[in-house]
Amino acid sequence: MHMSDRPAEITGLFHAGFLVSDLAVSQVFYESVLGLTRMPRPDLPYPGVWYALNDYQQLHLMQLPNPDQDAIRPPHGGRDRHIALGVTSIEGFQLRLESAHVIYTLSRSGRPALFCRDPDGNTMELIET
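What comes next concerns the included structure. (Residues numbered from 1 in each chain as written. Predicted model: local features only at pLDDT ≥ 70, side-chain atom pairs only at ≥ 80, totals over all residues. Heavy atoms only, no water.)

1. Some words on the sheet that holds strand β6 (residues 104–106)
Stage number 1. With respect to topology, 4 strands assemble into an open sheet ordered β5-β8-β7-β6, the strand pairing being mixed. Each edge of the sheet is formed by a strand with only one pairing partner; in this case those strands are β5 (83–87) and β6. Across the sheet, the mean angle from the axis of one strand to that of its neighbour is 25°, orientation sign disregarded.
Stage number 2. Contacting β5, β6, β7 (113–117) and β8 (123–128), helix α2 (residues 90–99) crosses the sheet at an angle of about 25° to β7. (Pairing = 2+ DSSP bridges. Helix = DSSP H or I, 4+ residues; strand = E, 2+ residues; numbered from the N terminus. Axes fitted to C-alpha atoms, helices over the stretch in contact; angles between N-to-C directions. Contact = heavy atoms within 4.5 Å.)

2. Here's the deal with the packing of aromatic side chains
Stage number 1. According to the stated counting rule, one finds 2 aromatic pairs in the structure shown.
Stage number 2. Taken together, a centroid distance of 5.0 Å and an interplanar angle of 90° make the contact between phenylalanine 29 and tyrosine 30 edge-to-face. The exposure classification of phenylalanine 29 matches that of tyrosine 30, with both residues buried.
Stage number 3. Judged by centre distance (6.0 Å) and plane angle (25°), the rings of tyrosine 30 and tyrosine 51 are stacked. Of this pair, tyrosine 30 sits in helix α1 (residues 23–33) while tyrosine 51 sits in strand β3 (residues 48–52); the two residues are 21 residues apart in sequence, bridging distant segments of the chain. The same class applies to tyrosine 30 as to tyrosine 51, namely buried.
Stage number 4. One aromatic cluster is present, built from ring pairs that chain together Phe29, Tyr30 and Tyr51. (Phe/Tyr/Trp six-rings, centres within 6.5 Å; stacked < 30°, edge-to-face > 60°. Buried < 20%, exposed > 50% of the residue type's maximum accessible area, 1.4 Å probe, protein only.)

Following this line, the structure appears as structure tokens:
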């Protein structure tokens, strides 16, 4: 076997995956609050949903046991593991989150960004692009 002459490089982030405890509750958050659109998902041996973030990035929800469910999370999501999603309007998402009674904190850096958690405590940073 010959190794390819093509260099091995990372080309981007294809998807992020979150563990969730109740897929139906999570779908309300991701679809009704964040406005994400479901996409086809292969037949896997556990419940889940895939969301398209754009033409080449996805967010996967997996209803599986969370080995970290009893972990104590920091109050500010910016000091916790998280994914960052680009958005067109921070103010628009503040209104969406407030309407759904979702707690969020503004970025402490002064950037137009906020941090929020889904119903299972998974953290997202929303950054105005």
